[in-house]
Structure formats: structure tokens, C-alpha cells
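Summary of structural features
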Amino acid sequence: MLIRSEAPADILLIDALLKSVFDTDAEAKLVMRLRENGCRTLSLVACTDDGEVIGHAFFSPVTVAGQETNWQGLAPLSVREDHRHQGVGLALLAEAQATLADFDYPTVVVLGDPKYYQQAGYQAALQHGLTCIWPETEEAFMVLEIVPGSVQQYQGLVEYCEEFNALA
């Protein structure tokens, strides 16, 4: 398996992957809008040895309490159904963490299954005084500190790019 940055030739493959993995095409539309509006910080794909795209992770900027913090939001993370439970998602997360660290992005937030994201080092965001606009998902809102001490610097409402409002 190879993990690399998204290339222009991957865009339609990622779109097809997202449409196959999620119940609706909302995530696929979200990624397209974020990409088109310049809100992509990092987009990674996982590929088989034959070059097939089997996984994808997308990161975009978030603010905390209305402040630009250089923090990133992970959404979405997807793995093709026939490649799940093989470590593809965790490998994407590990590569993303290393890449984001290289570019001085200190923290990542995600809304997802706590049991899964805890495997990658994420913690409950609420324990750090962080909330999101989806209060019914409090326990699913998680944070990963890439640069030590970065999570302590901010508290309050974490807001994703405007394109996410269509999902709220």
C-alpha cells in the first residue's frame, strides 16, 4: 500500500470512493466544494500496489472561538469496503499526522467513532473545553495534539469551513 498526496487524476476516483462509502453523496459534494473553494490543507489517498485508490483522508482549516489557530479538521476519512479492518484508515491518519507536523499544523479535530479514533491517539474534545456546532455529537467530537501544548492554548467552539454548514 502506498499513501500519497492527492493528485488531479485522483479527484474523480476520490469522488467515486466517497459516494460508495457513505449513505448519501453529501461527503463527496463537501470535498468537491472545499477543494474548489481553496479550503484543502491536506488530502491523502491510500493506493494498492496496482494504483487503485482504496482510502482517502481530507483536512481543512478550523477556527477555535473565532480565532485562526492553524488547527485542522479531518473530514471525511474513507476506506473502500473491501479494504476495511486492514489498517488502511489508521495508516492514513499516521501519515497525515506526520505530514501536518512537518508543516507546523499543531492540532486536528474530528467528528467520528471514539473507539476508532482513540486508536490513533485522539481524545475527547470536551475534556479540553472544546465544542462543535453539533451538540448531540459531544462524545464523538475528538482532538489530536500534534504539537505538545497546542490544545491547552484554546478553548471554545470549534468551527469548520463554511462549506460544512450544508451538513449541519
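Quick caveat: nothing in here was measured; it's all calculated off a predicted structure.

This brings us to the packing of helix α1 (residues 11-21) against helix α2 (residues 26-36). Following both chains from N to C, one finds α1 and α2 inclined at 150°, their axes separated by 8 Å at the closest point. Taken together, the axis directions place α1 and α2 in an arrangement best described as roughly antiparallel. Contacts between α1 and α2 involve Ile 11, Leu 12, Ile 14, Asp 15, Leu 18 and Lys 19 from the former and Glu 27, Ala 28, Val 31, Met 32 and Arg 35 from the latter. Across the contact of α1 with α2, the residue classes break down as seven nonpolar, no polar and four charged.

Turning our eyes to something else, we now look at α2. In an α-helix there are 3.6 residues to a turn, and that puts residues three or four apart on one side. The set of residues buried in α2 consists of Ala 28, Leu 30, Val 31, Met 32, Leu 34 and Arg 35. Contact partners of the buried residues in α2: α1, β3 (53-64) and β4 (67-79). Remark: Gly 38 follows α2 within two positions and exhibits a positive phi of approximately 75°.

Right, let's talk about the side chain of Asp 15 for a bit. Residue placement: Asp 15 occurs in helix α1. Contacts of Asp 15, omitting those with residues within four sequence positions, involve Ala 28 and Met 32.

Attention shifts here to unusual backbone geometry. Of note, the bond from Ala 75 into Pro 76 is cis; its omega dihedral lies within 30 degrees of zero at -5°. Structurally, the position occupied by Pro 76 is in strand β4. Of note in the backbone geometry, His 85 takes a positive phi value of approximately 65° without being a glycine. Relative to the helices and strands, His 85 is located in the loop between β4 and α3 (88-102). At Asp 104, a residue that is not glycine, the phi angle is positive and equals roughly 65°. Along the chain, the position of Asp 104 falls in the loop between α3 and β5 (107-111). Here Asp 104 falls in the exposed class, since its relative accessible area comes to 57%.

Quick look at the pattern of salt bridges now. Scanning the entire structure with this criterion turns up eight salt bridges. With its nearest N and O atoms 2.9 Å apart, the salt bridge here joins Lys 19 to Asp 15. Of this pair, Lys 19 and Asp 15 both sit in helix α1, separated by four residues, roughly a single helical turn. Judged by relative accessible area, Asp 15 falls into the buried class, the value being 13%.

Of the pockets and cavities examined, the largest pocket occupies roughly 800 Å³. Around the largest pocket, the lining is made up of 30 residues, and of these Phe 22, Leu 77, Ser 78, Gly 112 and Tyr 117 lie nearest the centre. Those elements giving two or more residues to the lining of the largest pocket turn out to be α2, β4, α3, β5 and α4 (114-118). By residue class, the composition of the lining of the largest pocket is 19 nonpolar, eight polar and three charged.

Here we come to the pairing of strand β9 (residues 156-160). As paired elements, β3 and β9 share three bridges and run antiparallel to each other. When the bridges of β9 are listed, Val 62 appears paired with Tyr 160. Pairing between strand β7 (residues 130-131) and β9: two bridges, direction parallel. The partner of Thr 131 across the bridge, within β9, is Leu 157.

Conventions and cut-offs
Residues numbered from 1 in each chain as written. Predicted model: local features only at pLDDT ≥ 70, side-chain atom pairs only at ≥ 80, totals over all residues. Heavy atoms only, no water. Axes fitted to C-alpha atoms, helices over the stretch in contact; angles between N-to-C directions. Helix = DSSP H or I, 4+ residues; strand = E, 2+ residues; numbered from the N terminus. Parallel < 35°, antiparallel > 145°, perpendicular 65-115°, else oblique. Contact = heavy atoms within 4.5 Å. Nonpolar A, V, L, I, M, F, W, Y, C, P; charged D, E, K, R; others polar. Buried < 20%, exposed > 50% of the residue type's maximum accessible area, 1.4 Å probe, protein only. Salt bridge = Lys/Arg side-chain N within 4 Å of Asp/Glu carboxyl O. 1 Å grid on protein atoms, 1.4 Å probe; cavity = no way out; pocket = protein on both sides within 12 Å on 5 of 7 lines; lining within 4 Å. Points joined across faces, edges and corners; volume = space filled by probe spheres on them. Pairing = 2+ DSSP bridges.

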